[in-house]
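Chain residues, written in single-letter form:
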Amino acid sequence: MTYINARLPRNIAAGFKLGPDFKTLVNPLASGREQRNKMWRYPKWKGSGNMGAFNADDRQALINMFVAAQGKWACFRVFDPTDYFVTNEPLAPPIGSSTPVQLVRNYAFPGSNVYGTALIQAPVASTVVINKDGSPVDGTLNDQLGLFTPSSPWAPGTFTWTGQYDRWMRFDSDWGAFTANALNAFTADIDLVEVQR
């Protein structure tokens, strides 16, 4: 699979409904209760848009991107205007080693200690700062995997990261059925799905 290290234009991304998707297996029991099994460790973002929501230039851009990505084959960066940055997000690197740490984002349920975690694998490199006890940490960020490698071994302390991020996504169809029912009347849906690396 190919990764195109370029972003779906923001004006086009704004025309998509984007959000996390989970896979839960629900088994109804004879008692009327149910048993729920979480099938995925992390959520995967999905997106849906309609050709009718875009102007002629954006429709042509979408067709160009679809053909260049060859349908489902290539992934690209997608900016989600409702979820694209963190401030002082906790990190838990392996102390005493220089092993890279994966950037993550935690989502807490208010008034509880329950939270969900999402992988951040497409950070915007120019915005990312890793801190230890409030001071920047030197190192190298792989902005195509979301891995930060320190210049020297991780020392004890409190680590956080601040920055912006995209998500690696692909088209969820190999058929670009961007058909017009009439002049300037477009109804074809375009679906995107996150790809975790």
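Here, every reference points to the structure presented above.
Fair warning: this is a prediction, and the values are worked out from it, not measured in the lab.

1. What about the pattern of salt bridges?
Taken as a whole and judged by the stated rule, the model has eight salt bridges. A salt bridge links Glu 34 to Arg 36, with the shortest nitrogen-to-oxygen separation between them at 3.2 Å. Two residues, Asp 143 and Arg 77, come together in a salt bridge whose shortest N-O distance is 3.9 Å. Of this pair, Asp 143 sits in the loop between β14 (139-142) and β15 (147-150) while Arg 77 sits in strand β6 (residues 74-78); the two residues are 66 residues apart in sequence, bridging distant segments of the chain. For Asp 143, a relative accessible area of 22% gives the class partly exposed. Here Arg 77 falls in the buried class, since its relative accessible area comes to 6%.

2. Concerning the sheet that holds β14
Strand order in the open sheet formed by three strands is β8-β15-β14, and the pairing between neighbours is antiparallel. At either margin of the open sheet sits one strand with a lone partner, and together these are β8 (101-102) and β14. Where β8 and β15 come together, two bridges link them in antiparallel fashion. Each bridged residue has a counterpart across the sheet, and for Val 101 the counterpart in β15 is Phe 148.

3. Looking at the side chain of Glu 89
By the element assignment, Glu 89 lies in strand β7 (residues 85-91). Despite its burial, Glu 89 pairs with no opposite charge, the nearest such side chain being Arg 105 at 4.6 Å. Of note is the side chain of Glu 89, whose polar atom sits 2.6 Å from the backbone nitrogen of Asn 106. Beyond its immediate sequence surroundings of up to four residues, Glu 89 is in contact with Val 104, Arg 105, Asn 106, Phe 159, Thr 160 and Trp 161.

4. Topic: the nonpolar core
Formed by 20 residues in total, the largest nonpolar core has its most connected members in Leu 8, Phe 16, Leu 62, Val 78, Phe 171, Ile 190 and Leu 192. Of all the elements in the fold, those that place two or more residues in this core are α1 (10-13), α2 (56-69), β6, β16 (159-171) and β19 (189-194). Dropping the residues within four chain positions of it, Leu 192 is found in contact with Leu 8, Phe 16, Trp 45, Lys 46, Gly 47, Phe 76, Val 78, Met 169, Arg 170, Phe 171 and Asp 172. Counting 13 residues, the second largest nonpolar core, distinct from the first, contains Val 86, Leu 103, Val 128 and Ile 130.

What counts, and at which threshold
- Residues numbered from 1 in each chain as written.
- Predicted model: local features only at pLDDT ≥ 70, side-chain atom pairs only at ≥ 80, totals over all residues.
- Heavy atoms only, no water.
- Salt bridge = Lys/Arg side-chain N within 4 Å of Asp/Glu carboxyl O.
- Helix = DSSP H or I, 4+ residues; strand = E, 2+ residues; numbered from the N terminus.
- Buried < 20%, exposed > 50% of the residue type's maximum accessible area, 1.4 Å probe, protein only.
- Pairing = 2+ DSSP bridges.
- Lys, Arg positive; Asp, Glu negative; His and termini not counted.
- Polar contact = N/O pair within 3.5 Å; in protein donor to acceptor, adjacent residues only side chain to side chain.
- Contact = heavy atoms within 4.5 Å.
- Core = buried A, V, L, I, M, F, W, Y, C linked by side-chain atoms within 4.5 Å.

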